[in-house]
Amino acid sequence: MSSSIQKEIETLSRKILDHDYRYYILAQPIISDEEYDGLMRRLQELERQYPAFAASDSPTQRVGGKITKEFSTVTHAVPMLSLSNTYNEGEVRDFDRRVQEILKNETYRYICELKFDGIAISLRYEDNIFVQGATRGDGSQGDDITQNLKTIRSIPLRLRSVRNGPHTLEVRGEAFMKRVDFQRMNGERQLAGEKTFVNPRNSAAGTLKLQDPKLVAQRPLNFVSYFLRTDDIELVSQYENLQLLHNLGFPTSGHTKLCQSIDEVIEYWKEWERRRDELPFDIDGIVVKVNSLQQQEQLGAVAKSPRWAVAFKFASRQAETQLKAIRLQVGRLGTITPVAELEPVFLGGSTVSRATLHNEEYIRELDIRLNDIVIVEKGGDVIPKVSGVKIEKRLMDAKTFKFPNQCPECHSKIFRSEGEANYYCENSECPAQVKGRIEHFASRGAMDIEGLGEAIVDQFVHLGLLKNCADLYDLHTRQEIILSLDRWGKKSTQNLFNAIEGSKARPFSRVIYALGIRHIGASIAQLLVDNFITIEQLIGATETDLQSIQGIGPQIAESVVRFFTNEHNRRIVKRLKMAGVQMLEKKKRARTSQQLSNKSFVLTGTLATMTREEAKQRIESLGGKVVSSISKKTDIVVVGTDAGSKLEKAKTLGILLLDEQKFLNMLQNEF
Ligand code: IVH
């Protein structure tokens, strides 16, 4: 009996580790998340009943670690060196000259790798099992963070077997966080009123230092390997080492390149400087290494860096400049964002004179004061942000910033809900909000009124022709005024009126989305109209009614009720209805379900308007099914941002691809 239990535990454990490898390393899972969870639950249950059979490399051990008071110190068998930096072609050519001098007439090749902007770590495996993981520390001694590292799913707990491969070895690499994961995590932290991190690197560093592995397990850390050391077999080159690392089950970067000359290295550097934002994680340059390990040994090291490798960094996207003023900006939903007015500074290809400061708490946390010298940073996203302050450069005239209590646009009192980071202007007539709301109402994903862009909305609001979105449907009565304006002729005016008229045909869900209710994106709008068929039903819904719908939590429910309780909003809705805008859900479900029933979907990448779970629910509610891996049987692949290998596979199989907008259209039955 017990031996069969032990066998089952072992088999399950191997199976799960194998699925981890397929999922995290090959990005080709062969079972669904549910099936995976089922295997894991079974293993946990067996190990709970028979703890004696629980192995130290069991996948359940990923979160099994206890809280540590203090990390113990690990002495690195071979010091973890750092790299010397180069910043331009001249410097990297100097490096090449030095290599050439030492290697004399020998030929040599370089291997170029991405320089991951994360935290260097070292992993030790004995007899195929992961036994110890450590930080770099000062290069000779680091912290033992084994329990934290075990939680990283892309770090194998046991080596995969490779013919004539090593069993005892050290692997070094980088722990990092993808940008989307970082943003999602920070967003959640902000909502929960917790401290946010400045960038993915700091976030990875902060996570590895946590003393409770259970908390680490909840954070989305990744690992990539770039160094292997073993006495078991003879190693030949970095290129082959990377292949071996991959075969042993470690993630490696897919973007390495063998180069015959320094010119090719410079080309690689230029290419990745240009393409760095295409990657889902941050890099701050490339690493150039002499490929042959024998030649690496010949070159040796000076002080703390090897002579066989160099970091070739990208131009910094950080700069220091003076903070001249802080201005408040009002968004369409009344969100108030503090914006830094800066002494203009050249940064990552353009001049920056403004940067976001996120919210009051952020300013306080970083202790940013007016006239301070601050650090501005351009991340993967376009909007620059103030990421720090040079306290040592603080001047006598630095002044703390007092967050105003009035809206800068309409001077009404601003308010902040319990636990929220942002202040809001509650005056729905506030001109900044009026413009933003009308722009949103007319936008493509909402009522899709062609020709009604930002400039026209600005002009019409300024002239008093528009005060809210219901006014759009009375605009034809103001034809005379519009015709008297510069650049408005009979034809353009008529085109605009036609576009407005045409918007009356948009389905109810789009109307709900167009109203611009806080927290209601396109998919939640659809969910609402699926459950409340008419506007009257929706207006009458209580928070409890709303929360009884799967996918609607307290925040959304509160927001909907708050919106429809407002007299002004109700008047607008009434006018929209009178104008002929759709205020009930036409039952088109039969057609949709015919279209979707039994269709097999795969989701890849990140969607901006909904989580993966929401997307799955929506597809299933329309009769489709969602599977995790692509095969010839897959009908449709929904492609979000940062889609990985699944997208490539779908393309090779010629499967129908839908971007987010097309997917939303399909859900709204306009596909
Ligand atoms: S090799 C002796 N390869 O850059 C060479 N390092 O200052 C050891 N890094 O501490 C490092 N990507 O944290 C190497 N592909 C890569 C890397 C990389 C990022 C980091 C690593 C190291 C620092 C060098």
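This structure is a prediction, so every number in the text was calculated from the model and none was measured. (Residues numbered from 1 in each chain as written. Predicted model: local features only at pLDDT ≥ 70, side-chain atom pairs only at ≥ 80, totals over all residues. Heavy atoms only, no water.)

Considering the site of the ligand
Turning to step 1, where the next piece is worked out: Not every one of the 13 residues close to the ligand is listed here, only the nearest: Leu 83, Glu 113, Glu 174, Tyr 226 and Lys 289.
Turning to step 2, where the next piece is worked out: Taking Leu 114, its main chain carries an N or O atom lying 3.1 Å from a nitrogen atom of the ligand.
Turning to step 3, where the next piece is worked out: Measuring from an oxygen atom of the ligand, one finds a side-chain N or O atom of Glu 174 at 2.7 Å.
Turning to step 4, where the next piece is worked out: Against a free-state accessible area of 520 Å², the protein chains account for coverage of 87% of the ligand.
Turning to step 5, where the next piece is worked out: Contributions of two or more residues to the shell around the ligand are made by β3 (110-116) and β10 (283-290).
Turning to step 6, where the next piece is worked out: Here the shell around the ligand takes four residues from β3, the largest share from any one element.
Turning to step 7, where the next piece is worked out: In terms of residue class, the shell around the ligand is built from eight nonpolar, one polar and four charged. (Near = heavy atom within 4 Å. Polar contact = N/O pair within 3.5 Å; in protein donor to acceptor, adjacent residues only side chain to side chain. Areas by Shrake-Rupley, 256 points an atom, 1.4 Å probe, with all protein chains shown as cover. Helix = DSSP H or I, 4+ residues; strand = E, 2+ residues; numbered from the N terminus. Nonpolar A, V, L, I, M, F, W, Y, C, P; charged D, E, K, R; others polar.)

Considerations on the nonpolar core
Turning to step 1, where the next piece is worked out: If you look at the biggest cluster of nonpolar residues, it comprises 73 residues, and the most contacted ones within it are Ile 449, Phe 460, Leu 472, Ile 512 and Phe 663.
Turning to step 2, where the next piece is worked out: When residues in this core are grouped by element, the largest group, six residues, is from helix α17 (residues 522-531).
Turning to step 3, where the next piece is worked out: Discounting residues that sit within four places of it in the chain, Phe 663 has contacts with Phe 601, Leu 607, Met 610, Ala 615, Ile 619, Val 638 and Leu 658.
Turning to step 4, where the next piece is worked out: Counting 36 residues, the second-largest nonpolar core is a separate cluster that includes Ile 152, Phe 182, Leu 244 and Leu 293. (Core = buried A, V, L, I, M, F, W, Y, C linked by side-chain atoms within 4.5 Å. Buried < 20%, exposed > 50% of the residue type's maximum accessible area, 1.4 Å probe, protein only. Contact = heavy atoms within 4.5 Å.)

Description of the packing of helix α3 (residues 89-103) against helix α9 (residues 262-275)
Turning to step 1, where the next piece is worked out: Packing of α3 against α9 brings their axes to within 10 Å, and their N-to-C directions diverge by 145°. Between α3 and α9 lies a crossing of right-handed hand. Judged by residue contacts, Glu 89, Val 92, Arg 93 and Asp 96 of α3 engage Ile 262, Asp 263, Ile 266 and Lys 270 from α9.
Turning to step 2, where the next piece is worked out: Tallied by class, the residues present in the contact of α3 with α9 amount to three nonpolar, no polar and five charged. (Axes fitted to C-alpha atoms, helices over the stretch in contact; angles between N-to-C directions. Left-handed = near helix turned anticlockwise from the far one by under 90°.)

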